[in-house]
Structure formats: C-alpha cells, structure tokens
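# Reading the structure
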Amino acid sequence: LDETQRENRPEARTPVQAFNAGLLQHRSYLDELREIAQPVFIVSGNSDKRAANREGFRADIKNCELISIDGCNVLPWENPSGVRKLISQLT
C-alpha cells in the first residue's frame, strides 16, 4: 500500500495524463512517420495477434522493416535475451 500511495501522487500523474491527452486528440502522425529518414525497425512477438496490423507501416515509412521474435507483445519482459540479441544484430 505504501508503494501505491507513492505512485498515486500528483507528480506521478503527469506522464500518464500527457499520454492519455495524446490519445484523446485523435491525431494522426502519418505525415511525420513518412518523413523519417533513418531505418525503422518494428519488432513484434510472433504470437502477437496484432502484428498484421503493423503491415501498413512498411508501406508508409521509408526504410521500414518488420521483425518478429519469440514472444507476444511485451517483448523486453517476455524475451529479454531475444531483444538483446536483435539489438546487437541491428547495431
């Protein structure tokens, strides 16, 4: 309970409020995504049912690659060694 109280203070709410405010604006970032010049890697877990929804990014973002590794959708926690290995291969 003590930890919950520390996390439930006004100072801790700002990032969450900013994130939620962005969602509520219903703003598309497609124009900005199309302007990205550097390589873009979108990593999905091979068990993630939403991975197919990311196919549109490949067409909209120049130099975009979709990559699947073992896991579902919280890859740093589900497959930390796979994420580390992938990052080392990409750098």
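The shown structure was predicted, so the numbers you read here are calculated from the model rather than taken from an experiment.

### Describing the overall build of the protein
Secondary structure summary: the protein contains six helices and two strands in total. Taken from the N to the C terminus, the helices and strands of the protein come in the order α-α-α-β-α-β-α-α. Sequence separation of 24 or more characterises 52% of the internal contacts of the protein that already satisfy a separation of 6 or more. Working note: accessible area of the protein is about 7400 Å², and carbon and sulfur atoms make up 54% of it.

### Regarding unusual backbone geometry
Here N63, not a glycine, exhibits a phi torsion of approximately 60°, which is positive. Examined against the element boundaries, N63 turns out to sit in the loop between α4 (55-60) and β2 (64-69). A residue is classified by how much of its surface remains accessible, and N63, at 51% relative accessible area, is exposed.

### Some details on the pairing of strand β1 (residues 40-45)
Where β1 meets β2, six bridges bridge the pair, whose relative direction is parallel. Across the sheet, the residue bridging to I42 is L66, located in β2. With α4 bridging β1 and its parallel neighbour β2, the resulting β-α-β unit is right-handed.

### Digging into the pattern of salt bridges
Summed over the entire model, instances satisfying the criterion amount to four salt bridges. One salt bridge connects R34 with D60, and the closest N-O pair in it is separated by 3.4 Å. Residue R34 is found in helix α3 (residues 30-34), and its partner D60 is found in helix α4; the two are separated by 26 residues along the sequence. Judged by relative accessible area, which is 38%, R34 ranks as partly exposed. Overlapping salt bridges bring together D48, R50 and R54 as one network.

### Some words on a nonpolar patch on the surface
A cluster of nonpolar side chains, contributed by F41, V43 and L90, occupies part of the molecular surface with about 210 Å² of accessible area. One can find L90 in helix α6 (residues 80-90). Judged by its relative accessible area of 35%, L90 falls in the partly exposed class.

### Here we look at the side chain of S44
Inspection of the secondary structure assignment puts S44 in strand β1. Overall, the relative accessible area of 6% leaves S44 in the buried class. Among the polar contacts made by the side chain of S44, one reaches the side chain of R54 at a distance of 3.1 Å. The residues touching S44, leaving out its near neighbours within four places in the chain, are A51, R54, I67, S68, I69 and L75.

Rules of the game
- Residues numbered from 1 in each chain as written.
- Predicted model: local features only at pLDDT ≥ 70, side-chain atom pairs only at ≥ 80, totals over all residues.
- Heavy atoms only, no water.
- Helix = DSSP H or I, 4+ residues; strand = E, 2+ residues; numbered from the N terminus.
- Contact = heavy atoms within 4.5 Å.
- Areas by Shrake-Rupley, 256 points an atom, 1.4 Å probe, with all protein chains shown as cover.
- Buried < 20%, exposed > 50% of the residue type's maximum accessible area, 1.4 Å probe, protein only.
- Pairing = 2+ DSSP bridges.
- Right-handed = clockwise from strand over helix to strand, strands pointing away.
- Salt bridge = Lys/Arg side-chain N within 4 Å of Asp/Glu carboxyl O.
- Patch = residues over 30% accessible without salt bridge, like charges linked within 9 Å, V, L, I, M, F, W, Y side chains within 5 Å.
- Polar contact = N/O pair within 3.5 Å; in protein donor to acceptor, adjacent residues only side chain to side chain.

Take it as geometry only, folks, not as evidence of what the structure does.
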